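Survey of secondary and tertiary structure
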Amino acid sequence: MSQTATVEPETDKPKREKTASGLAGLRLSETPRISIVVPGLNEAESLPELAKRIAETLDGKETFELIFVDDGSTDDSWKVMQSLVAADPRVRAVRLRKNFGKAMGLSAGFSRVRGEIVIMMDADLQDDPAELPKFIEKIEEGYDVVVGWKLKRLDPANRLVLTRIFNGTVRWVTGVKLHDMNCGFKAYRREVVKTIPIYGDLFRYIPVFAAWEGFRVTEVGVHHHPRKHGASRYGLERILRGFFDLISITFLTKYSKRPMHLFGAIGLLMGFTGVAINLYLTVLWFLGHKIGDRPLLLFGSILIVLGLQFFSMGFIGEYLTYLNQKRMKATDLPIREEIGSIGSGSELALESRPD
Ligand code: UDP
Ligand code: MG
C-alpha cells in the first residue's frame, strides 16, 4: 500500500541510515513487550475479529505488536491485513511470495519479532485470544516455552484418535512429556525463536528442540473452538509426515552433535561382523575347503564395505559438526544467566547484542 516509508527515529536508539528498500512501508514504533505471530492461508474472514479480540485482551495491560504473515493466500487476506495495519500502528504484516507452508510463515514472522515474549497462534479463531494472559504469566514465572494443551479438541473423531497415537509416540520417543506438542498456540521467550531453526514441518517439534537446548518447557490448558470459516488446511497425511519428522528430530537431537557415535557404532558392528565371517571362511580355505561359491562370502564382504561406508559417514558428520561449531557466535551459546562484573567490556556487550 504505502510505498513511501514514514520512518521516525526511535527514541532510545540512534537514527540509522537504513531507511531505503528494506524498511519501505514500515514505521518505527516503541519496542513492544509482546510479539504475536499469526500465519494465515486464506483466512481473510477471520483476521479482523482476531485482531480485534487480541487488542481487547491486551489493551491497557501490555505493549504488543501483532505480526500477520500471509502465506500466499489467494483470497483477500493481504487486503484485509493492509487495512488492519492502517487502522492500528501495533499491527504489522508480511507477505510471502507464494504458499510455503506454516513453517515458513512462522519463520518469516519470528524473524521480525521485537518483543521479549513471542506468541504464535492460528489465524482461524480456533485459539482464543482471551487466553493470552495465561501464556504470558507462565513466561513470567520463568518458563521459556509454553505450549497450549487443547483440553477438549473440536476436530473430527478420526483425527482425534490419530492425534492421540501421535502424541503418545512423540512423548515416548522424545521424553518430552507434553500432551499436545502440535498445538498452534505457544509462547516463547524471544531467545528461543532466535535459537531454534524451523524448516519443513519440524516446527511441530519446537518444544523438543527447546527442551534439548536446555530451555524450560511447560504447558497450559486452553479451550479449542471449532473453525468458524473454511476447513482445515491439512488432511490426515499430516500425521504420517509427522512420523517421518519424528525420526529426523530423534536423530537431530540425539546425534547431530556427535554423529560418529551413531554411524561409528553401526559401522563398527557391521565391519567387525564382516571381518569375523571372512576370517572364518579364510580358515576354512586354508583347511582345503572351497569357499568361492558360498553366499556367506558375499555377505561378509558386503558387511565390510557397508561398515566402512558408515564409518566415513560418521567422519563427514563429525566434520560438519566441527565446522558448524567453529562458526558459532557468542550469542549461540546455551547460557541462561551470567553474573559478575566484566569491567567496561564494550566488545563483549556488542557481540552479545541480539541480531
Ligand atoms: N496455515 C498457513 N499455511 C499453510 C497451511 C496453514 O499459514 O500452508 C495456517 C492456517 O491459515 C492457520 C494455521 O496455519 O492459521 C493452522 O492451520 P489449520 O487451521 O488449517 O490447521 P488445524 O487447526 O486444522 O490443525
Ligand atoms: Mg485450525
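Heads up: the structure comes first, above all this text.
Description of the structure in this document.

Here is what the cut-offs are and how they apply
Residues numbered from 1 in each chain as written. Chains lettered and ligands numbered in written order. Predicted model: local features only at pLDDT ≥ 70, side-chain atom pairs only at ≥ 80, totals over all residues. Heavy atoms only, no water. Helix = DSSP H or I, 4+ residues; strand = E, 2+ residues; numbered from the N terminus. Buried < 20%, exposed > 50% of the residue type's maximum accessible area, 1.4 Å probe, protein only. Contact = heavy atoms within 4.5 Å. Areas by Shrake-Rupley, 256 points an atom, 1.4 Å probe, with all protein chains shown as cover. Donors = N, O, S within 2.8 Å, 3.2 Å for Na, K, Ca; no water. Patch = residues over 30% accessible without salt bridge, like charges linked within 9 Å, V, L, I, M, F, W, Y side chains within 5 Å. Salt bridge = Lys/Arg side-chain N within 4 Å of Asp/Glu carboxyl O. 1 Å grid on protein atoms, 1.4 Å probe; cavity = no way out; pocket = protein on both sides within 12 Å on 5 of 7 lines; lining within 4 Å. Points joined across faces, edges and corners; volume = space filled by probe spheres on them. Nonpolar A, V, L, I, M, F, W, Y, C, P; charged D, E, K, R; others polar. Pairing = 2+ DSSP bridges. Phe/Tyr/Trp six-rings, centres within 6.5 Å; stacked < 30°, edge-to-face > 60°. Core = buried A, V, L, I, M, F, W, Y, C linked by side-chain atoms within 4.5 Å. Axes fitted to C-alpha atoms, helices over the stretch in contact; angles between N-to-C directions. Near = heavy atom within 4 Å. Polar contact = N/O pair within 3.5 Å; in protein donor to acceptor, adjacent residues only side chain to side chain. Sits in = over half its atoms within 2 Å of the grid points.

1. Focus: the overall build of the protein chain
A tally of regular secondary structure across the protein chain gives 11 helices and seven strands. Relative to its full complement of 355 residues, the protein chain shows a buried share of 39%. Contacts spanning at least 24 positions in sequence make up 77% of the contacts within the protein chain whose residues lie at least 6 apart. When the accessible surface of the protein chain is split by element, carbon and sulfur atoms take 60% of a total near 20600 Å².

2. Side note on the coordination of the magnesium ion (ligand 2)
Surrounding the magnesium ion (ligand 2) are the protein donor atoms Asp 124 (OD) and Gln 126 (OE1), which sit 1.9 to 2.0 Å from the metal. Grouping residues by exposure puts Asp 124 and Gln 126 together as buried.

3. Observations concerning a nonpolar patch on the surface
Together, Val 161, Leu 162, Ile 165 and Leu 236 give the surface a local cluster of nonpolar side chains, amounting to about 320 Å² of exposed area. Along the chain, Val 161 falls in helix H5 (residues 157–174).

4. A look at the layout of surface pockets
Roughly 720 Å³ of volume is contained in the second largest pocket. If you trace the second largest pocket, you find 36 residues lining it, with Asp 122, Ser 232, Arg 233, Tyr 234 and Arg 238 closest to the centre. Of all the elements in the fold, those that place two or more residues in the lining of the second largest pocket are strand S1 (34–40), H5 and helix H8 (237–255). Residues belonging to the lining of the second largest pocket are distributed by class as follows: 11 nonpolar, 11 polar and 14 charged.

5. Here's the deal with the pairing of strand S4 (residues 117–120)
Burial along S4 is two-sided: the residues Ile 117 and Ile 119 and Val 118 and Met 120 are all buried. Pairing of S1 with S4 involves four bridges; the strand directions are parallel. The partner of Ile 36 across the bridge, within S4, is Ile 119. Direction of pairing for S4 relative to strand S6 (residues 186–189): antiparallel, over a ladder of four bridges. Within S6, the residue paired with Met 120 across the bridge is Lys 186.

6. Description of the side chain of Glu 43
Relative to the elements of secondary structure, Glu 43 occurs in the loop between S1 and helix H1 (47–58). The exposure class assigned to Glu 43 is buried, which follows from its relative accessible area of 6%. In contact with Glu 43, not counting residues within four places along its chain, are Asp 75, Ser 77, Ala 123, Asp 124, Arg 227 and Arg 233.

7. Structural notes on the packing of aromatic side chains
Overall, the coordinates contain nine aromatic pairs when judged by the stated rule. Taking 5.9 Å as the distance between ring centres and 75° as the angle between the ring planes, the aromatic pair formed by Phe 110 and Tyr 188 counts as edge-to-face. Separated by 78 residues along the polypeptide, Phe 110 in helix H3 (residues 102–110) and Tyr 188 in strand S6 bring together distant segments of the chain. Residue class for Phe 110 comes out buried when judged on its relative accessible area of 5%. In this structure Tyr 188 comes out as buried when scored by relative accessible area, which is 0%. Of the aromatic side chains, those joined through ring pairs into one cluster are Phe 166, Tyr 205 and Phe 243.

8. Digging into the nonpolar core
One finds Phe 110, Tyr 188 and Tyr 205 to be the most contacted residues of the largest nonpolar core, which totals 35 residues. Broken down by secondary-structure element, the contributors of at least two residues to this core are strand S2 (64–70), H3, S4, strand S5 (145–150), H5, helix H6 (190–195), helix H7 (206–212) and H8. If you look at the next biggest cluster of nonpolar residues, it comprises 34 residues, including Val 38, Trp 78, Ala 123 and Phe 135.

9. Quick notes on the sheet that holds S1
Ordered in space as S3-S2-S1-S4-S6-S5-S7, the seven strands form an open sheet in which the pairing is mixed. Each end of this open sheet is capped by a strand with a single partner; those strands are strand S3 (91–95) and strand S7 (217–222). Here the strands of the sheet are splayed against their neighbours by 20° on average, with no regard to which way each runs. With six bridges connecting them, S5 and S7 associate as parallel partners. The residue of S7 that forms the bridge with Lys 150 is Val 222. The strands touched by H1 are S1 and S2; relative to S2, the strand with the most contacts, the crossing angle is about 165°. Against the sheet, H3 touches S1, S2, S3, S4 and S6, its axis set at about 150° to S1.

10. Some words on the site of ligand 1
Within the structure, ligand 1 sits among 18 residues, and Glu 43, Asp 71, Asp 124, Ser 232 and Arg 233 are positioned closest to it. Within the backbone of Gly 40, one N or O atom sits 3.5 Å away from an oxygen atom of ligand 1. Between ligand 1 and Asn 99, the relevant distance is 3.2 Å, taken from an oxygen atom to a side-chain nitrogen or oxygen of the residue. Judged by the fraction of its atoms near the pocket grid, ligand 1 is located in the second largest pocket.

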